[in-house]
Amino acid sequence: MNQLPKAYEPADIEKKWYPLWENRGYFHSDPNSGKPPYSIVIPPPNVTGILTLGHVLNNTLQDILIRYYRMRGYEVCWFPGTDHAGIATESKVDKYLRAEEKICRDDLGREEFIRRVWQWKEQYGGKIIRQLRTLGCSCDWQRERFTMDEGLSDAVRKVFVELYRKGYIYRGQRIINYCPVAKTALSDEEVIYKDVAGKFWHFRYPLADGSGKYLVVATTRPETMFGDTAVAVNPSDERYRELIGKEVMLPLCNRPIPIVGDEHADPAKGSGCVKITPAHDPNDFQVGLRHHLKVINVMNADASLNASVPAEFVGLDRYAARDLVVRRMEELGLLEKVEDIRHAVGYSERGDVPIETIVSSQWFCRMKELAAPAVEAVESGRIKFHPERWAKTYFHWMENIQDWCISRQIWWGHRIPAWYNDANGEVYVGMEPPTAPGQWRQETDVLDTWFSSWLWPFSIMGWPQKTVELEKFYPTNALVTGPDIIFFWVARMIMAGCEFMKEIPFRDVYFTSIIRDDKGRKLSKSLGNSPDPLDVIATYGADALRFSIIYIAPVGMDIQYSNDKCELGRNFANKLWNACRFRQLQGPVSENYLSLPPVTELSSDEQWMLAKLDFAVESSAKAIEQFRFHSAAHDIYELVWSTFCDWFIEAEKQPLRGDAGERARALRVLDYALDRILRILHAFMPFITEELAHAMGFLEDDQSIMFAQYPEKSGLTFDEGAVKLVDGKFELVRQGRALKANCSIPDGKKVSFYLKAHDARTAEFLKAEQGSIAGLLNAERLEIGTDEYDPAAKGAAPSLLGELGTIYLPLAGVIDVEAEKAKLNAQRTDLAGKIAGASARLSNEKFVSKAPEAVVTEARRQLEEMRSKLERVETLLRSFV
């Protein structure tokens, strides 16, 4: 044994073990081994990213799976890497250049800017990968990849070319979502809708016949009216049927536009007239196609107004233009009314500004054909979702899937492998530039970042080349990810796997919980409620953070997190540390601790401990395999904290003081249990378990607990009735201690107890355990029998009823009973008054409705606390009768 210091210092232990694990190649897998494979690909964090609590939860869960199956004898490989994050990284580097060098990307030009991004990536990128090591993640770092590595870029080009040649990828003019900050197209999934206050402006569009009549149309975006090319009315609307084919004059432009009949106009909504702006609204775009309307885009790349609008509006920001349009329409007497509304406005996920819907020539991927096999994969159960309810969300999106806009107007990313010959209009798509004669220019757009991420499960293993990694580890076993990217990533990966590998990419998908603060708010930098995990690790230790966040994360439910909840994990680690220190004080590890004596040679407490250990070994393994990590953590916590430390170690102190045979047996069982506890806990708390396994002498210096076999059940058969009797014994001890506490008797004060057993068999068991029970109760005297307790003869004695009998605490000579009764009566009167006042306050509707929610919640909590305390006081008073 290596003597453990008194205090557990996680930082020292974590710094000691991680470099050793990595330098010895413990995380590196061998695809040529004969072991069964188990693999996971990490959801690649953005190369610009830093560790968040979401990453902590996600990667701790993955590490638990990897470490568990490694101990189960699998050849495990956890493939790590980072995503190039096109828009985010380009924006980050552009801001860096503006701050440090007073230049922007346009000053540098495309090639030089891309060179600078690579330079920035090498210098600053990948910070999160280094931080994952701090957390203890056992990734195969030798297989780390980046989505713009040469091999992964080849995969992206190959997929684009193949889909283009199959007719799935095409270029066309469509309405797209556009971010004026990033100046690029966005997919539907990159738009976040927010409920915001807005206005409905109702404008009058005069008829072009000079009659003085007008049609009223409404809009939330007055600045787009310069792109109006028609007004639509429903053909069945008798109010306007005769006007179809005539024209109105577009105000401010003095341009005639037709009145068209189209079902898009709803007679029941507003005036029944709809302004049609084909370049700036998806529904209007379809109306424009049906009626062959002109398409006029009125915006520049930064959402300012372009030269197609009247001169006084050219160059104005969209919101400044909006204000001026409304002012001019009012001056002309063409503003009918203004209506205050709340409506859903699309925001750019990256830019966090309202998007524009504009017409643009973009590259798209047809998704319906790709979606069909991906739907079948989940319907058939070949891929299982955990929690299962996310399958409904998945199916709904897949059944309503739209074509994917895959082109982006930025420079950092995979440039689309398409070339144009302006001389003859020819378009060439291929892995390499065209060799045919002519002036060819390559497409300037890059592909959506997700276009490389959807290939991640197989491109990270070397596809399109045939590799030993693909042969061994594809398909992967599990994916751990957030439900917020079920469309962005999960669904698309399933589609890509089915299309290009003809095989699903993973068998199970576990969706993590959303982490909120203790007030129920989502964690965010703007709210200042998002702790830095590295600070948490510095305070509590990586193991404490890992264990705590799993312990408080029930499947499918949000997590309410605060840093102080990590005290649970830290206290747990300290408890285990002190248990090992206690064992070290008893002498060297038992030579034969890996096996057990026959059941007949074991004490009842030892049988109880081993039965509980067998249960935890089986239940925790089953929970991990079923993705019930929270349940596994609770089972292990209960085993270590309560079963082993609070009860078994204390109970074993008696045989440890016995003869040589008793002592040797007790140490052997302690060592057997402790060795297995460290192994089942390792996946959750890797650092402390490695340290303690070596310190206890369970491992040689050149061994690691991560390769120790995950424990199996002991193989012994325990009498269930005998185990329940020990449960009952410990219950009586708990109740005896509670009686002392209720009477304010110090723990160290020795008192007498009387145990009335339920029956003769129970009394026989309790008498056999009399020394153990007396020691655990710190009893001066312990009497056990089946007779009723006689208060007239023996004095007042509070009692509590348990499974095996009733335990009494005779108070004669211990406390002044009359004084205690007087004190309790005073407490009862005081509490009753306070409860009456608090109840009246909470019955006051005015208080409940007007007081801050936190104040009302606290008042209710205090009331319940006082009621509980009153109940305890009254129970004690009754015991004195």
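In this report, the structure presented in the accompanying data block is examined. (Residues numbered from 1 in each chain as written. Predicted model: local features only at pLDDT ≥ 70, side-chain atom pairs only at ≥ 80, totals over all residues. Heavy atoms only, no water.)

1. Here's the deal with the side chain of S620
With respect to the helices and strands, the residue S620 is situated in helix α19 (residues 604–625). Note on S620: relative accessible area 0%, which makes it buried. Here Y710 takes part through its side chain, which lies 3.1 Å from a polar atom of the side chain of S620. If near-sequence neighbours (up to four positions away) are discounted, S620 is found in contact with A632, D635, I636, I680 and Y710. (Helix = DSSP H or I, 4+ residues; strand = E, 2+ residues; numbered from the N terminus. Buried < 20%, exposed > 50% of the residue type's maximum accessible area, 1.4 Å probe, protein only. Polar contact = N/O pair within 3.5 Å; in protein donor to acceptor, adjacent residues only side chain to side chain. Contact = heavy atoms within 4.5 Å.)

2. What to know about the pattern of salt bridges
For the structure on display, the rule yields 55 salt bridges. For R546, the salt bridge goes to D63, with nearest N and O atoms at 2.9 Å. Taken together, the residues span a long stretch of sequence, with R546 in helix α17 (residues 542–551) and D63 in helix α2 (residues 53–71) at a distance of 483 residues. Grouping residues by exposure puts R546 and D63 together as buried. We note a salt bridge from R441 to D422, for which the minimum N-O separation is 2.9 Å. Remark: D422 occurs in the loop between β18 (418–421) and β19 (426–429) and R441 occurs in strand β20 (residues 440–442); sequence separation between them is 19 residues. One salt-bridge network, in which partners are shared between bridges, spans E101, E112, R115 and R116. (Salt bridge = Lys/Arg side-chain N within 4 Å of Asp/Glu carboxyl O.)

3. Some remarks on the sheet that holds β20
The strand order across the open sheet formed by 3 strands is β19-β18-β20, and the pairing between neighbours is antiparallel. Looking along the sheet, the strands with just one partner apiece sit at the ends: β19 and β20. The average undirected angle you get between the axes of adjacent strands in this sheet is 30°. Here β18 runs beside β19; their pairing, made up of 4 bridges, is antiparallel. Bridge pairing links Y420 to V427 in β19. (Pairing = 2+ DSSP bridges. Axes fitted to C-alpha atoms, helices over the stretch in contact; angles between N-to-C directions.)

4. Here's the deal with the sheet that holds strand β8 (residues 214–219)
Within the open sheet, the 3 strands sit side by side as β8-β7-β13. Their pairing is antiparallel. Single-partner strands in this sheet number two, and they are β8 and β13 (335–348). On average, adjacent strands in this sheet sit at an angle of 20° to one another, irrespective of strand direction. Two elements, strand β7 (residues 191–206) and β8, share 6 bridges in a ladder whose sense is antiparallel. In the sheet register, Y205 faces β8, and the bridge partner there is L215. Here helix α9 (residues 318–331) sits on the sheet in contact with β7 and β13, set at roughly 25° to β7.

5. With respect to the nonpolar core
Counting 222 residues, the largest nonpolar core has F451, M495, F644 and F684 as the members making the most contacts within it. Element by element, the count of residues in this core is highest for helix α20 (residues 629–656), at 14 residues. Counting 31 residues, the second largest nonpolar core, distinct from the first, contains V217, F226, L250 and F313. (Core = buried A, V, L, I, M, F, W, Y, C linked by side-chain atoms within 4.5 Å.)

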